[in-house]
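# Observations on chain architecture
For reference, the chains in residue letters:
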Amino acid sequence: LSHIFAHVLGLTGSEISKLSCLDDRAFHDEVTYNEGKAVFRRDTNADAFFVVLKGAVALVREDYIKAHAPSKIVSGAGEVKMSLSPKGKIKKAKEIGDIRAILQVGTLFGYVDFLLERPRTFGVMATQDGTVLAKVTHARLEQLERSNPEVHQIFQSVLLQSSVMELANCTCAE
């Protein structure tokens, strides 16, 4: 987690060493998901935000999770494709319109709803077996703030930087 945060903020050397406390899982849980498993669903309680540590997740329309949760999503060098049946019927996700984005290692997600303490505005599911996410809750953030205010401030900077990057890349149209 420290290397991801250091990358987001462009930190180096001694600045990175300040973040080493984030690597012992004292301030987050690591959760493993298999392909098609919902990380969270739209309109659920935003009790945590996540960082992709291994694998990838897809931001999806909620009705897609309900109808296709066991479906296969393949991410490769080309376009993202989806297997809609065990017989291998494949359609491009772009054509279906159910996948909004594929988030890779290092991506933070779910933090806006988390910080605003509002229900989730989108659903997320794992795109491959063994996807590992860091899960950060309010209790863990408060613990970090009490035990290491300097790192907590860096954590807040990462959330702000991620928000700015998300806005800069927003198409803002559906």
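In this text, all values refer to a predicted model and were calculated from it rather than measured experimentally.

## Concerning unusual backbone geometry
In this structure, arginine 25 is a non-glycine residue whose phi angle is positive, near 65°. Along the chain, arginine 25 turns up in the loop between helix H2 (13-17) and strand E1 (29-33). Residue arginine 25 is classed as partly exposed on the basis of its relative accessible area, which comes to 46%. With a phi close to 50°, glutamate 117 is a non-glycine residue in the positive phi region. Examined against the element boundaries, glutamate 117 turns out to sit in the loop between helix H5 (111-116) and strand E10 (123-126).

## Let's talk about the pattern of salt bridges
In total, this model carries three salt bridges according to the counting rule given. Between arginine 25 and glutamate 30 there is a salt bridge; the shortest N-O distance is 2.9 Å. Of the charged contacts, one joins arginine 118 and aspartate 113 as a salt bridge, the two residues approaching to 2.5 Å between their closest N and O atoms. On the basis of relative accessible area, arginine 118 is assigned to the partly exposed category, the value being 34%.

## Considerations on the side chain of threonine 127
In this structure, threonine 127 sits in the loop between E10 and strand E11 (131-137). Among the polar contacts made by the side chain of threonine 127, one reaches the main-chain carbonyl oxygen of alanine 56 at a distance of 3.0 Å.

## Observations regarding the pairing of E11
Here E11 lies mainly inside the structure; six of its seven residues are buried. Sheet analysis places E1 next to E11, joined by five bridges and oriented antiparallel. If you follow tyrosine 33 over to E11, its bridge partner there is threonine 131. Pairing analysis gives six bridges linking strand E3 (residues 48-54) to E11, with the strands arranged antiparallel. By the bridge assignment for E11, phenylalanine 49 is matched with valine 136.

## Some details on the sheet that holds strand E8 (residues 99-103)
Strand order in the open sheet made by the four strands is E2-E10-E4-E8, with antiparallel pairing throughout. The strands lining the two open edges of the sheet, one partner per strand, are strand E2 (38-40) and E8. Within this sheet the neighbouring strands show an average axis-to-axis angle of 30°, counted without direction. For E2 and E10, the ladder comprises two bridges, and the chain directions are antiparallel. Across the sheet, phenylalanine 40 pairs through a bridge with valine 124, a residue of E10.

## Here's the deal with the nonpolar core
Side chains of a nonpolar character, in soluble globular proteins, are inclined to be buried together. Counting 24 residues, the largest nonpolar core has Phe5, Leu19, Leu22, Phe49, Val51, Leu108 and Phe155 as the members making the most contacts within it. One finds Phe50, Val57, Leu59 and Ala126 within the second-largest nonpolar core, a separate group that totals 13 residues.

## Re the packing of aromatic side chains
Across all of its chains, the model carries six aromatic pairs by this definition. Relative to phenylalanine 109, the ring of phenylalanine 40 lies with its centre 6.0 Å away and its plane at 35°, an arrangement referred to as tilted. Taken together, the residues phenylalanine 40 in strand E2 and phenylalanine 109 in strand E9 (residues 108-109) connect sequence positions 69 residues apart. In terms of burial, phenylalanine 40 and phenylalanine 109 fall into one category: buried.

## Examining helix H1 (residues 2-9)
Ser2, Ile4, Phe5, Ala6 and Val8 are the residues of H1 that are buried. With its phi angle positive at about 70°, glycine 10 sits one or two positions after the end of H1.

Basis of the calculations
- Residues numbered from 1 in each chain as written.
- Predicted model: local features only at pLDDT ≥ 70, side-chain atom pairs only at ≥ 80, totals over all residues.
- Heavy atoms only, no water.
- Helix = DSSP H or I, 4+ residues; strand = E, 2+ residues; numbered from the N terminus.
- Buried < 20%, exposed > 50% of the residue type's maximum accessible area, 1.4 Å probe, protein only.
- Salt bridge = Lys/Arg side-chain N within 4 Å of Asp/Glu carboxyl O.
- Polar contact = N/O pair within 3.5 Å; in protein donor to acceptor, adjacent residues only side chain to side chain.
- Pairing = 2+ DSSP bridges.
- Axes fitted to C-alpha atoms, helices over the stretch in contact; angles between N-to-C directions.
- Core = buried A, V, L, I, M, F, W, Y, C linked by side-chain atoms within 4.5 Å.
- Phe/Tyr/Trp six-rings, centres within 6.5 Å; stacked < 30°, edge-to-face > 60°.

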